[in-house]
Amino acid sequence: SIFAIHYFTINMQNFIIGRIKSIKYAIKGFWLLVSTEHAIITHCISALIFIILGFILKINHIEWMIQTMAFGTLLAIEGLNTAVEKLCDFIHPEFNKKIGEIKDISAGAVTMVFFAVITVLAIIYIPYIIELF
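Residues numbered from 1 in each chain as written. Predicted model: local features only at pLDDT ≥ 70, side-chain atom pairs only at ≥ 80, totals over all residues. Heavy atoms only, no water.

Explanation requested: the nonpolar core in the structure shown.
In a soluble, globular protein the nonpolar side chains are often hidden away together inside. Of all hydrophobic cores here, the largest spans 13 residues; its most connected members are Val117 and Tyr125. Put simply, the parts of the chain that give this core at least two residues each are helix H2 (38-57), helix H3 (61-91) and helix H4 (97-132). Excluding anything up to four places from it in sequence, Val117 contacts Ala70, Phe71 and Leu74. (Core = buried A, V, L, I, M, F, W, Y, C linked by side-chain atoms within 4.5 Å. Buried < 20%, exposed > 50% of the residue type's maximum accessible area, 1.4 Å probe, protein only. Helix = DSSP H or I, 4+ residues; strand = E, 2+ residues; numbered from the N terminus. Contact = heavy atoms within 4.5 Å.)

What am I meant to see in a nonpolar patch on the surface here?
Side chains of Phe8, Met12, Phe15, Ile16 and Ile20 sit close together on the surface and give an oily, nonpolar patch of about 500 Å² of accessible area. Tracing the chain through its elements places Ile20 in helix H1 (residues 2-36). (Patch = residues over 30% accessible without salt bridge, like charges linked within 9 Å, V, L, I, M, F, W, Y side chains within 5 Å. Areas by Shrake-Rupley, 256 points an atom, 1.4 Å probe, with all protein chains shown as cover. Salt bridge = Lys/Arg side-chain N within 4 Å of Asp/Glu carboxyl O.)

Any chance you could explain the packing of aromatic side chains here in plain terms?
We describe a pair of aromatic rings using the distance from one ring centre to the other and the angle between the two ring planes. This structure, assessed with the given rule, holds four aromatic pairs. The interplanar angle of 40° and the centroid separation of 6.0 Å between the aromatic rings of Phe50 and Phe71 together place this pair among those described as tilted. Linking Phe50 in helix H2 with Phe71 in helix H3, this pair joins segments that are 21 residues apart in sequence. Aromatic side chains Phe55 and Trp64 sit 4.9 Å apart centroid to centroid with 50° between the ring planes, which places their arrangement in the tilted category. Looking at Trp64, the relative accessible area reads 22%, which means it is partly exposed. Ring pairs connect the aromatic residues Phe50, Phe71 and Tyr125, which therefore count as one cluster. (Phe/Tyr/Trp six-rings, centres within 6.5 Å; stacked < 30°, edge-to-face > 60°.)

Looking at this structure, I do not really get the packing of H3 against H4. What am I missing?
Each pair of packed helices can be described by the angle between their axes along with the distance between the axes. Orientation of H3 relative to H4, taken along the N-to-C sense of each, is 165°, at an axis distance of 9 Å. Comparing their axes, H4 and H3 come out roughly antiparallel. With respect to the hand of their crossing, H3 and H4 are arranged in left-handed fashion. A per-class count over the contact of H3 with H4 returns 21 nonpolar, four polar and five charged. (Axes fitted to C-alpha atoms, helices over the stretch in contact; angles between N-to-C directions. Parallel < 35°, antiparallel > 145°, perpendicular 65-115°, else oblique. Left-handed = near helix turned anticlockwise from the far one by under 90°. Nonpolar A, V, L, I, M, F, W, Y, C, P; charged D, E, K, R; others polar.)

Please clarify how the pattern of salt bridges should be interpreted in this entry.
Once their charged atoms are close, side chains differing in charge can pair, the charge on each being opposite to the other. The final tally for this structure, using the stated rule, is three salt bridges. Residue Lys86 pairs with Glu37 through a salt bridge whose shortest N-O separation is 3.5 Å. You can see Lys86 sitting in helix H3 and its partner Glu37 sitting in the loop between H1 and H2, a full 49 residues away along the chain. Two residues, Lys103 and Asp89, come together in a salt bridge whose shortest N-O distance is 2.6 Å. On the criterion of sequence distance, the pair formed by Lys103 in helix H4 and Asp89 in helix H3 is long-range, its members being 14 residues apart. Judged by relative accessible area, Lys103 falls into the partly exposed class, the value being 22%.

Is there a simple way to explain the packing of H2 against H3 in this structure?
For the pair H2 and H3, interaxial distance at closest approach is 10 Å and the crossing angle is 175°. In terms of axis orientation, H2 runs roughly antiparallel to H3. Judged by residue contacts, Ala39, Ile40, His43, Cys44, Ser46, Ala47, Phe50, Ile51, Gly54 and Phe55 of H2 engage Trp64, Gln67, Phe71, Leu74, Leu75, Glu78 and Gly79 from H3. Of the residues belonging to the contact of H2 with H3, the class tally is eleven nonpolar, five polar and one charged.

Help me understand the confidence of the model for the protein in this model?
Close inspection of predicted coordinates is inappropriate in any region flagged by low pLDDT. Confidence along the protein averages 94 in pLDDT terms, with 98% of residues attaining 70 or more. Taken element by element, the predicted model of the protein shows its lowest mean pLDDT in H1 (87) and its highest in H3 (98). (pLDDT = per-residue confidence, 0-100.)

Okay, structure coming up:
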């Protein structure tokens, strides 16, 4: 019926507008992270170095996928850690032992992923480096 088509059209428009707004907010958040957060900037520089190294050493497509997922996961967890820290600081600006524990646990999650990334990079690159010598 015409009513159903009209209802579907309005819902579809709202859906599309909502997705566009979501993308806008996501890009804004991405830009905030890569332009202001030192840990994110450091990880991005490290990722860039390993991208260059990957081209130089000609790693295979599986290794590219694993490296990309490893750095993507690290950057995502670092972003979540930043969000947790900012939320904690907003809720309780002055020092609080429990807030400190929450922030430490969040940072610990980043550290766990960081060690996993280092392990992945070692598994990928050590054979190529050994091959050079």
